[in-house]
Amino acid sequence: MFQGWTEGRAARHKGQMTLALALVGVMTPLNAAEAAGVSKVSVDGTTVTISLDDAVTGASSFILSEPDRIALDIDGAEPGREANSGGPISRVRQGRFDASTTRIVFDLSAPAIVSTGSFSSDGKSLTLSLSPVEPIRFGIASVEDRKFYKSPVAARAKPPRSSYSLTVPLAPARSTMPRPKIYGPAGRPLVVIDAGHGGHDPGAVSPVSGVREKDVTLGVARQIRDALIASGRVRVALTREDDRFYVLRERSAIGRNLKADLFISVHADAAPATAASGATVYTLSEVASDREAQLLAQRENRADVINGVDLGAENKDIASILVDLAQRETMNASAGFANLLKREAARYVPFRSDFHKMAGLAVLKSPDMPSILLEVGYLTNPTDAQRVASKDGQASIATGVRKAVEVYFARRLAQR
């Protein structure tokens, strides 16, 4: 389901694939229990060891920034429970990424990257060596390709359980992201709505009702989609229409690949004090903008960084300036929409008095796509939690967003 969404993943699926189906009386799918289980994740200083109860064929890792994390995908594995933290790793989380992959996420207390990684000779353990780095080096690593670790047993796949097999040639995997469904009349501006969290990542959870952020955000995103479709003035796409998980940069990449005119990421907040309530709108901060522009300009392949303009022929200084200018213009448009959203939606959604905040959130970092993150309320506040989880409350949020979107694009049309 998720193949092709994470950069570098298609490399493992090149060429023709063979589908082996065991025939035992009738055709039955392989049981998920046959996958290798992650028996333990051990952290000792800067050395991480992933122990498995059976051999796997390979794994890959990549860097995620703000918050700083290392993600590890293991092919043919089931998530486990036992793990410890230490060194630069403050927390270890495990979950299923797709039907055949387990993702382990290492939350970092200090910037660090994977310097080396190797499997044991039996393919039942993977050892990663971490190296502490400066923040700028970590930022560069976050936009680099995955690192792959091939198991010695990769060429010795398990044979079918029966001497009978059926071989079916499959088309090569796509190397580009699949496109979400786009609703609305052609030629209209495109708004991409991102429902935060999903899949194994529930987000915040209400301590009173148990409502999960991932369910609230999907419900609100669907309501916004329906309200915008009914207006007939824009096209709409959702980054996810069901309970699945994407990392933050994948979410903004969906919007950029669709050439969205506006990107709205929906979340629900949490706070230590239950008194905190109301909606908040986040846009990209100046500091984050400067850093991201620098990282984008440092990429070797700078084609299609800004509205399809190829910066590959420009030197680093010029490319950095062009990216910076584009991103600052985008930041201004994002901040303008944030203020417009508060003005138009205040009748339908209670906002915090300090409703507009700026942060270096990865989902906001597109240099050429106005983007905001809307925290619809606090799940730690009983009143807010009930409001954002109810159909009426979600419909009110959608109405406010629809009005703001209509005014935003009407202004843009008038300016032209």
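Note that the structure is a prediction, hence the values are computed from the model and not measured. One numbering rule holds for all chains: residues counted from 1, following each sequence as written. Residue-level local features of this predicted model are given only where pLDDT is at least 70; pairs of side-chain atoms are given and counted only at 80 or more, and the full residue set underlies all totals for whole chains, interfaces and linings. The basis for every side-chain value is the complete set of heavy atoms in the structure, and neither hydrogens nor water enter the calculation.

**Student:** Whenever I open this one, the side chain of Ser-125 confuses me. Can you help?
**Tutor:** Secondary structure elements are taken from DSSP: a helix is a run of H or I of four residues or more, a strand is a run of E of two residues or more, and numbering for both begins at the N terminus. As for its position among the elements, Ser-125 is in strand β12 (residues 125–132). Between two residues, a contact is recorded if the distance between any of their heavy atoms is within 4.5 Å. Look past the residues within four positions of Ser-125 in its chain and what remains in contact with it is Ile-50, Ser-51, Leu-52, Ser-118, Phe-119 and Ser-120.

**Student:** Would you take a moment to explain the nonpolar core for this structure?
**Tutor:** As a rule of thumb, soluble globular proteins bury nonpolar side chains together. For the purposes of this section, nonpolar cores are sets of buried Ala, Val, Leu, Ile, Met, Phe, Trp, Tyr and Cys residues that join through side-chain atoms within 4.5 Å. Burial classification: accessible surface area is computed with a 1.4 Å probe over protein chains only, and a residue below 20% of its type maximum counts as buried, one above 50% as exposed, and the rest as partly exposed. Judged by nonpolar contacts, the single largest core of 42 residues is most densely connected at Val-191, Ile-193, Ile-264, Phe-337, Leu-341, Val-376 and Val-405. Excluding anything up to four places from it in sequence, Ile-193 contacts Ala-221, Ile-224, Val-236, Ala-237, Leu-238, Thr-239, Ile-264 and Val-266.

**Student:** Whenever I open this one, the sheet that holds strand β15 (residues 182–183) confuses me. Can you help?
**Tutor:** What holds strands together in a sheet is hydrogen bonding between their backbones, with the strands either parallel or antiparallel. A pair of strands is labelled paired if DSSP reports no fewer than 2 bridges between them. Pairing in this open sheet of 7 strands is mixed, and the strands run β15-β17-β16-β18-β21-β19-β20 from one edge to the other. The sheet terminates laterally at β15 and β20 (351–359), the two strands that pair on one side only. With 5 bridges connecting them, strand β19 (residues 279–284) and β20 associate as parallel partners. Counterpart to Leu-284 in the pairing with β20 is Ala-359.

**Student:** How should I be thinking about helix α3 (residues 248–257) in this particular structure?
**Tutor:** Among the residues of α3, Glu-250, Arg-251, Ser-252, Ile-254 and Gly-255 are the ones counted as buried. Among the structural elements, β16 (190–195) and β18 (262–269) are those in contact with the buried residues of α3. Two residues or fewer past α3, Lys-259 is found with a positive phi of approximately 60°.

**Student:** Explanation requested: the sheet that holds β12 in the structure shown.
**Tutor:** In space, the 5 strands of this open sheet follow the order β8-β4-β5-β12-β11, with mixed pairing throughout. The sheet is open, and its two edges are formed by β8 (77–78) and β11 (112–119), each paired on a single side.

**Student:** Is there a simple way to explain the packing of aromatic side chains in this structure?
**Tutor:** Given two aromatic rings, one states the distance between the centres and the angle between the planes to describe the pair. Stacked, tilted and edge-to-face pairs are distinguished by plane angle, under 30 degrees for stacked and over 60 for edge-to-face with tilted covering the rest, among Phe, Tyr and Trp rings (Trp via its six-membered ring) whose centres lie within 6.5 Å. Across all of its chains, the model carries 3 aromatic pairs by this definition. Ring centres of Phe-337 and Tyr-408 lie 5.4 Å apart, and the angle between their planes is 80°; this geometry places the pair in the edge-to-face category. Here Tyr-408 lies in helix α7 (residues 391–415) and Phe-337 lies in helix α5 (residues 316–345), a separation of 71 residues in the sequence. A ring pair is formed by Tyr-408 and Phe-409, whose centres lie 5.0 Å apart and whose planes are at 80°; its orientation type is edge-to-face.

**Student:** Help me understand helix α2 (residues 213–231) in this model?
**Tutor:** An α-helix turns once per 3.6 residues; consequently, residues spaced three or four apart project the same way. An expected span of 1.5 Å times one less than the residue number is assigned to each helix. Relative to the 27 Å expected for 19 residues at 1.5 Å per residue, α2 spans 27 Å between its end C-alpha atoms, a close match to the ideal helical length. Restricting attention to buried positions, one finds in α2 the residues Glu-213, Lys-214, Val-216, Thr-217, Leu-218, Gly-219, Val-220, Ala-221, Ile-224, Arg-225, Ala-227 and Leu-228. Downstream of α2 by a residue or two, Gly-232 has a phi angle that is positive, lying close to 70°.

**Student:** I tried to follow the side chain of Arg-240 on my own but got confused; where do I start?
**Tutor:** Mapped onto the fold, Arg-240 is located in the loop between β17 (235–238) and α3. Any pair of N or O atoms that falls within 3.5 Å is considered a polar contact. Within protein, one atom must be able to donate a hydrogen and the other to accept it, and sequence-neighbouring residues count only if both atoms are side-chain atoms. Within the structure, the side chain of Arg-240 is placed 3.0 Å from the backbone oxygen of Gly-196, a separation counted as a polar contact. Once you skip the residues sitting within four places of it in the chain, Arg-240 turns out to touch Ala-195, Gly-196, His-197, Gly-198, Lys-214, Thr-217, Leu-218, Tyr-246 and Arg-251.

**Student:** Before we go on, may I ask you to explain the environment of Ser-371 in this structure?
**Tutor:** Along the chain, the position of Ser-371 falls in strand β21 (residues 371–378). Residues within four places of Ser-371 in sequence aside, it is in contact with Phe-263, Thr-283, Ser-334, Val-363 and Leu-364. At a separation of 2.7 Å, a polar atom in the side chain of Ser-371 contacts the main-chain carbonyl oxygen of Met-369.

**Student:** What should I look at first to understand the packing of α2 against α7 in this one?
**Tutor:** The angle between the axes and the distance between the axes are what describe a pair of packed helices. Structural elements are reduced to axes, namely lines fitted to C-alpha atoms, with helices fitted over the stretch in contact, and the angle between N-to-C directions of any two is expressed from 0 to 180 degrees. It is the contact of α2 with α7, at a shortest axis distance of 8 Å, that shows an interaxial angle of 50°. Considering their axes alone, α2 and α7 lie oblique with respect to each other. Here α2 and α7 pass one another in a crossing that is right-handed. Counted together, Val-216, Gly-219, Val-220, Gln-223, Ile-224, Ala-227, Leu-228 and Ser-231 of α2 and Lys-391, Gln-394, Ala-395, Ile-397, Ala-398, Val-401, Arg-402, Val-405 and Glu-406 of α7 form the full contact between these two elements. Each residue gets one label: Ala, Val, Leu, Ile, Met, Phe, Trp, Tyr, Cys and Pro are nonpolar, Asp, Glu, Lys and Arg are charged, and the others, such as Gly, are polar. Of the residues contributing to the contact of α2 with α7, the split by class is 10 nonpolar, 4 polar and 3 charged. Note on terminology: angles under 35 degrees are roughly parallel, angles over 145 are roughly antiparallel, angles of 65 to 115 are roughly perpendicular, and the others are oblique. Should the near helix be turned counterclockwise from the far one by less than a right angle, the crossing is left-handed, whereas a clockwise turn marks it as right-handed.

**Student:** Just checking my understanding: could you explain the environment of Pro-207 for this structure?
**Tutor:** With respect to the element layout, Pro-207 can be found in the loop between β16 and α2. Among the residues examined, Pro-207 registers a relative accessible area of 58% and is labelled exposed. Separated by 173 residues in sequence, Pro-207 and Thr-380 place their C-alpha atoms 6.3 Å apart. Once residues lying within four places of it in the same chain are set aside, the contact partners of Pro-207 are Leu-379 and Thr-380.

**Student:** Would you mind showing me how to read the pairing of strand β10 (residues 101–108) here?
**Tutor:** Residues in a regular strand point their side chains to alternate faces of the sheet. Most of β10 is tucked away: 8 of the 8 residues are buried. Of the two faces of β10, the one carrying Thr-101, Arg-103, Val-105 and Asp-107 and the one carrying Thr-102, Ile-104, Phe-106 and Leu-108 are both buried. As judged from the 7 bridges shared by strand β7 (residues 69–75) and β10, these two strands associate in the antiparallel manner. Its bridge partner being in β10, Asp-73 is matched across the sheet by Arg-103.

**Student:** Just checking my understanding: could you explain the confidence of the model for the chain for this structure?
**Tutor:** In low-pLDDT segments, the atomic positions of the prediction should not be examined closely. Each residue gets a pLDDT score, which is the predictor's confidence in that residue and runs from 0 to 100. When pLDDT is averaged along the chain, the result is 79; 75% of the residues meet or exceed 70. Segment residues 1–33: pLDDT under 50, and 66 contacts once partners within four positions in sequence are set aside and those in other chains are kept.

**Student:** Even after reading the chapter, I still don't get the pattern of salt bridges, so can you show me in this structure?
**Tutor:** Opposite charge on two side chains permits pairing when their charged atoms draw close. Salt bridges are defined by distance alone: a side-chain nitrogen of Lys or Arg within 4 Å of a carboxyl oxygen of Asp or Glu. Taken as a whole and assessed by the stated rule, the structure comprises 17 salt bridges. A salt bridge links Asp-226 to Arg-225; the nearest nitrogen and oxygen atoms lie 3.0 Å apart. Look at the salt bridges and you will find they share partners, linking Asp-73, Arg-103 and Arg-146 into a network.

**Student:** Could you clarify how one ought to interpret the packing of helix α6 (residues 382–389) against α7 in this entry?
**Tutor:** Direction vectors running N to C along α6 and α7 enclose 80°, while the axes themselves pass 4 Å from each other. Of the possible angle classes, the one that applies to α6 and α7 is roughly perpendicular. Only Lys-391, Gly-393, Gln-394 and Ile-397 of α7 make contact with α6, whose side of the interface consists of Arg-387, Val-388 and Ala-389.

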